[in-house]
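# Coordinate analysis (summary)
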Amino acid sequence: QVQLVESGGGLVQPGGSLRLSCAASGRAFSSYVMGWFRQAPGKEREFVAAISRGGSTTYYADSVKGRFTISRDNAKDTVYLQMNSLKPEDTALYYCAAADKGPTSRNKYQYDYWGQGTQVTVSS
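What this report covers is the structure whose coordinates are included nearby. Starting from 1, residues in each chain are numbered consecutively following that chain's sequence as written. With pLDDT at 70 or above as the cut-off, local features in this predicted model cover only qualifying residues; side-chain atom pairs require 80 or more to be listed or tallied, and sums for whole chains, interfaces and linings still use all residues. Each side-chain value is derived from all of the structure's non-hydrogen atoms; neither hydrogens nor water enter the calculation.

## Topic: the side chain of Arg 38
Keep this limit in mind: Helix and strand definitions follow DSSP, with helices as H or I runs of at least four residues and strands as E runs of at least two, each counted in order from the N terminus. Pairing of N or O atoms within 3.5 Å defines a polar contact, subject to two protein rules: one partner must be a possible hydrogen donor and the other a possible acceptor, and residues neighboring in sequence count only if both atoms are side-chain atoms. A contact between two residues is defined here by any heavy atoms of the two lying within 4.5 Å.
Along the chain, Arg 38 falls in strand E4 (residues 33–39). Polar side-chain contacts of Arg 38 include one of 2.9 Å to the side chain of Tyr 94. Those residues within four positions of Arg 38 in sequence are excluded, and the remaining contacts are Glu 44, Arg 45, Glu 46, Val 48, Ser 63, Val 64, Phe 68, Glu 89, Asp 90, Ala 92, Leu 93 and Tyr 94.

Following this line, the structure appears as structure tokens:
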């Protein structure tokens, strides 16, 4: 089992940047596929980005491609989401998630463990 704690959210103006972090504790971090998801009020939780166990493969939602970058540091048991050129529509609660089995995936139902989320608000 793994516990996940997100940090780094906040209020930022359109066009600004934020870096989210997700610290993991418990079982070997490098054995998990990691993902970021987000949920805006009244909407379903949606995929943002995912990274393979070794970090060589990454996937992005079309809406964030070219603006967001997912990375991981297995020595620090941490996954990151660098968010640039933020837009008001990026406003949401951002969740970190870990998948115990299977390949790198965009499917939220494949993920077994979830953090509590960190709020990102993009507004002038």
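## Thoughts on the packing of aromatic side chains
Any pair of aromatic rings gets described here by the distance separating the centres and the angle formed by the planes. Going by this rule: Stacked, tilted and edge-to-face are the three classes applied to pairs of Phe, Tyr and Trp rings, where Trp contributes its six-membered ring and a pair requires centres within 6.5 Å; stacked means planes under 30 degrees apart, edge-to-face means over 60, and tilted covers the rest. Exposed residues in this analysis have more than 50% of their type's maximum accessible area, buried residues have under 20%, and partly exposed residues fall in between, with area computed by a 1.4 Å probe over protein chains only.
Under the counting rule described, the total for this entry stands at 6 aromatic pairs. Between the aromatic rings of Phe 37 and Phe 47, the centroid separation amounts to 5.7 Å while the plane-to-plane angle is 70°, which identifies the pairing as edge-to-face. Separated by 10 residues along the polypeptide, Phe 37 in strand E4 and Phe 47 in strand E5 (residues 46–51) bring together distant segments of the chain. Overall, the relative accessible area of 0% leaves Phe 37 in the buried class. Both rings, one in Phe 37 and one in Trp 114, keep their centres 5.0 Å apart while their planes meet at 55°; by these two values the pair is tilted. Linking Phe 37 in strand E4 with Trp 114 in strand E10 (residues 113–114), this pair joins segments that are 77 residues apart in sequence.

## Some thoughts on the sheet that holds strand E7 (residues 68–73)
Pairing between sheet strands relies on hydrogen bonds along the backbone, with the strands arranged either parallel or antiparallel. Worth spelling out the cut-off: Two strands qualify as a pair provided that DSSP identifies no fewer than 2 bridges between them. Convention adopted: a line fitted to C-alpha atoms gives each axis, helices being fitted over their contacting stretch, and angles between N-to-C directions are expressed from 0 to 180 degrees.
In space, the 4 strands of this open sheet follow the order E1-E3-E8-E7, with antiparallel pairing throughout. Only two strands of the sheet have a single neighbouring strand rather than two, namely strand E1 (2–7) and E7. Between one strand axis and the next, the sheet turns through 15° on average, direction left out of account. Here strand E3 (residues 18–26) pairs with strand E8 (residues 78–83) via 6 bridges, running antiparallel. Residue pairing in the sheet places Arg 19 in a bridge with Gln 82 of E8.

## Structural notes on unusual backbone geometry
Even without glycine at this site, Asp 77 takes up a positive phi of about 55°. Relative to the helices and strands, Asp 77 is located in the loop between E7 and E8. At Ser 85, a position not held by glycine, the phi torsion is positive, near 50°. Considering the arrangement of structural elements, one finds Ser 85 in the loop between E8 and strand E9 (92–99). On the basis of relative accessibility, which here comes to 41%, the residue Ser 85 falls in the partly exposed class.

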